[in-house]
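Fold and geometry: a report
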Amino acid sequence: MTYDEIKVGQVYEKKVSTTSKDVETFAEITGDKNPLHLDDEFAKETIFGGRIVHGMLGLGKISAVLGMEFPGPGTIYMSQTSKFLAPIYLDEEVTIKITVKEKIEEKKRLILNTQILKENGKAAIDGEAMVKYDK
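What you see is a predicted model; the values in this text were computed from it and never measured.

**Details of the nonpolar core**
- Residues Ile 98, Leu 110 and Ile 116 are the most contacted members of the largest nonpolar core, which totals 27 residues.
- Broken down by secondary-structure element, the contributors of at least two residues to this core are α1 (20-30), α4 (55-68), β3 (94-104), β4 (109-117) and β5 (123-132).
- For this core, the leading source of residues is α4, giving five residues.
- Excluding residues within four positions of it along the chain, Ile 116 makes contact with Gly 58, Ile 62, Ile 88, Val 94, Thr 95, Ile 96, Lys 122, Ala 123, Ala 124 and Ile 125.

Dropping the structure here:
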């Protein structure tokens, strides 16, 4: 897809889930070994009632979509704002939703709404990214 083919209002969606192994690998790489993410017994006693996915791992999945699928290879991630609104649980199927909010033609940049939605449609993560896409 070229920059010119991308339209304001265009939506891209992908269903994903995150396994316990994904969370453990992320914790090992980043050093974020909060027991909320890794320890079933600890997590059961929290307000979430069980282990949850690191919020930054959720953002990493958004990054993967931007870099590999929409807009795709060659995308340069320039900024991201995010709010973490609801937990994502292990093995829960969620939808990554990217919506083109604005195009900045002279610099080949896109302003994108970036969301991770739960099955009930409620946002787990809601944010906005700016990317450069010069294809």
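Moving on from the model shown.
**Re the environment of Ser 17**
- Residue placement: Ser 17 occurs in the loop between β1 (11-16) and α1.
- In this structure the C-alpha to C-alpha distance between Ser 17 and Val 53, which are 36 residues apart in sequence, comes to 9.8 Å.

**Description of the sheet that holds β3**
- Read from one edge of the open sheet, five strands run β1-β3-β4-β5-β2, paired in antiparallel fashion. The two strands at the open ends of the sheet, each matched to only one other strand, are β1 and β2 (76-84). Each adjacent strand pair in this sheet contributes to an overall mean axis angle of 20°, direction not counted.

What counts and what doesn't
Residues numbered from 1 in each chain as written. Predicted model: local features only at pLDDT ≥ 70, side-chain atom pairs only at ≥ 80, totals over all residues. Heavy atoms only, no water. Core = buried A, V, L, I, M, F, W, Y, C linked by side-chain atoms within 4.5 Å. Buried < 20%, exposed > 50% of the residue type's maximum accessible area, 1.4 Å probe, protein only. Helix = DSSP H or I, 4+ residues; strand = E, 2+ residues; numbered from the N terminus. Contact = heavy atoms within 4.5 Å. Pairing = 2+ DSSP bridges. Axes fitted to C-alpha atoms, helices over the stretch in contact; angles between N-to-C directions.

Keep in mind these values describe shape, not function.
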